[in-house]
Amino acid sequence: MYLTARTRLVLRLLTLVGLAFLYVPLAIVVLNAFNKSRTYAFPPTGYTLHWWSAARHSSAVLETLKNSIWAGVGATTVALVLGTMAAFGVQRYRFFGRRSISFLVVLPIALPGIVTGLALRNVFDVVLGLPLSIWTIIIGHATFCIVIVFNNVQARLRRTGSSLEQASADLGGTGLQTFWFVTLPNLRGALVAGALLAFGLSFDEIVVTSFTAPADRHTLPQWIFDNLSRPNQAPIVNVVAAVLIVVAVVPVWLAQRLTDDAAGSRF
Amino acid sequence: MSTAPAGVDLGRRGAVSSFFAYKRRTRLALLLGPPVFWLVIAYLGAIAALLLSSLWSVDSFTEKVVHTYGTGNLRTVFTDATFRAVTLRTLGIALLVTALDALIAFPMAFYMSVVASPRMRRILVVLVLTPLWASYLVKAYAWRVLLAPDGPLGAVFGGTPGYGKTALVLTLAYLWLPYMVIPVYAGFEKLPRSLFEASSDLGAPPGRTVRSVVLPLVFPALAAGSIFTFSLTLGDYIAVSSVGGKTQMLANVIYGQLITANDQPLAAALSIIPLIAILLYLAAMSRTGALDNV
């Protein structure tokens, strides 16, 4: 289509406005973590690192940070194993019900978090009578993290095909040797990317978490939510929010360097 | 079942290897067993139990869940005037957010796909996708800061709408924007460029081409994006509690019933509303061909 220079300019401006809409709020949070004013007066009149050291010495922050890391590590481990297995099954075999497996994997991230959270809470609380613990957080997080690993590994398997594995078998490699020396090294990037993204997703999650976490073991996002309307905690909340942004965004950029479709693996 | 050959087949050394090599079905079952078990038991099972538990009730005396079946909760959910008002408000907000996102996403996707260079296109896709990974709570919190009385928006524009419905719609539109841009961008990528030329050869000015050629063809992609924006809005209670002021939405009513009122069965019955709304919406959208775009 022939577009006049003016149309192109308007489209470019609208795109810039859209990107600004996406990034300015995040930038403000990061900026405010250094804002001297307790009430985030804008524009900031001075900058300080004081809130960062206050956050570092807050025992509640450190405690919830520890919980978040454990939840992330646990959920990522489960998701890595189950997501990779499912990806292999779906990508390297043809069988009845293959598409419903892909659908099943995506479902926990497609349905609203509140439905997932409430359903899991109901199972733990009412059906099984299981007390909420770090393990129930991990079960919840792993359920919606599987899809991230699945998507990354599946994309890689689709692209590499199975010719290298057939070559290895032709040259006399056993199934396990082929897996260890050929398949796994090929997958390394996708696995690392999937793990980074799954960890990032788990580290940030709040909706499912608020239904599956015990009252005395909250995660970092929950700590923010609990302190949202407490003015005297506001500067520390802001520092923690800035940390969460960095912890979420950096893995995406790293993963994107490892594999081209990492950032899109939520779809 | 599994007949098409693929993958490794010829391991001969080692009992373990050859066992797996010759038994394709066993291998497949071992591969899919654990993830499917997890998802069916821990997830589908949980959803089924949730639906079932909506039929239970709470003993008003002991505040314990009583496992006797009845439709009392469902009747309350579908007849109570407050719940109906909350449902209608939530659906209205979801539609508003969807429309706003479509409006912002369309020119962005247009630019990314048709105007930008291939290199720029890749960068833009990553730029749009990255905020998706930033914490949902932190993004809602960011708008709480932006809209604060002496916050940045007030400093730039001389005033803010304050916390309430307007703030909520803005925040939700912000939260779900990437979910709209990416499917619409994918829809633009599928458009044959020759159609643009055909349209302008036949004398249509760009505006007419957009209206009569581009929009109808990109519509299924817009519908695909709207599935995300719609369903995510129905499930939100974080943004509502951060910037919504006194606004009540479905999800925070559900949360309140569970956490504050301790009425798990009623919360379960209420959660059927977003579930049904999303299924109906999916059914409506699948008629537009949107599901082929997800």
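Everything below is about the structure printed above this text.
Notes on the structure follow. (Residues numbered from 1 in each chain as written. Chains lettered and ligands numbered in written order. Predicted model: local features only at pLDDT ≥ 70, side-chain atom pairs only at ≥ 80, totals over all residues.)

Observations concerning the overall build of chain B
Item 1. A tally of helices and strands in chain B yields 13 helices and two strands.
Item 2. A total of 294 residues make up chain B; the buried ones form 47% of that total.
Item 3. Sequence-distant contacts in chain B: of pairs separated by 6 or more residues, those separated by 24 or more amount to 70%. (Helix = DSSP H or I, 4+ residues; strand = E, 2+ residues; numbered from the N terminus. Buried ≥ 20, exposed ≤ 12 C-beta atoms within 10 Å, placed from the backbone. Contact = placed C-beta atoms within 7 Å.)

Structural notes on the overall build of chain A
Item 1. When helices and strands are counted, chain A shows eleven helices and zero strands.
Item 2. Taken over the C-alpha atoms alone, chain A extends approximately 70 × 65 × 30 Å along its principal axes.
Item 3. Considering chain A as a whole, with its 267 residues, one finds that 51% of them fall into the buried category.
Item 4. Within chain A, contacts between residues at least 6 apart in sequence are counted, and of these 76% link residues at least 24 apart.

Observations regarding the nonpolar core
In globular proteins that are soluble, nonpolar side chains generally tend to be buried together.
Item 1. With 163 residues, the main nonpolar core has A79 and V240 of chain A as its most contacted residues.
Item 2. Counting residues per element, this core draws most heavily on helix α8 (residues 165-190) of chain B, at 17 residues.
Item 3. V240 of chain A has contacts with A55, V61, L220, W223 and I224 of chain A, leaving out every residue within four places of it along the chain. (Core = buried A, V, L, I, M, F, W, Y, C linked by C-beta atoms within 7 Å.)

Examining the packing of helix α1 (residues 5-32) of chain A against helix α11 (residues 234-258) of chain A
When two helices pack together, their arrangement is captured by the angle between the axes and the distance separating the axes.
Residue and element names in this part refer to chain A.
Item 1. Between α1 and α11, the least distance of the axes is 8 Å, while the angle of their chain directions is 130°. Regarding the angle of α1 to α11, the classification is oblique. Classified by chirality, the crossing of α11 by α1 is left-handed. Of the residues in α11, those touching α1 at L26, V29, V30 and N32 are N238, A241, A242 and I245. (Axes fitted to C-alpha atoms, helices over the stretch in contact; angles between N-to-C directions. Parallel < 35°, antiparallel > 145°, perpendicular 65-115°, else oblique. Left-handed = near helix turned anticlockwise from the far one by under 90°.)

Considerations on the interface of chain A and chain B
Item 1. Taken together, the 79 residues of chain A in the interface contact 86 residues of chain B.
Item 2. A per-element tally of the side of chain A that touches chain B places α1 of chain A first, with 16 residues.
Item 3. Residues belonging to the side of chain A that touches chain B are distributed by class as follows: 56 nonpolar, 16 polar and seven charged. (Nonpolar A, V, L, I, M, F, W, Y, C, P; charged D, E, K, R; others polar.)

Topic: the packing of helix α8 (residues 175-204) of chain A against α11 of chain A
Residues and elements named next belong to chain A.
Item 1. Between α8 and α11, the least distance of the axes is 9 Å, while the angle of their chain directions is 165°. Between α8 and α11, the angle is such that the two are roughly antiparallel. α8 and α11 meet at a crossing whose hand is left-handed. Contacts from G189, V192, A193, L196, L197, F199, G200, F203 and D204 of α8 reach α11 at L244, V247, A248, P251, V252, L254, A255 and L258.
Item 2. Split by residue class, the contact of α8 with α11 holds 14 nonpolar, two polar and one charged.

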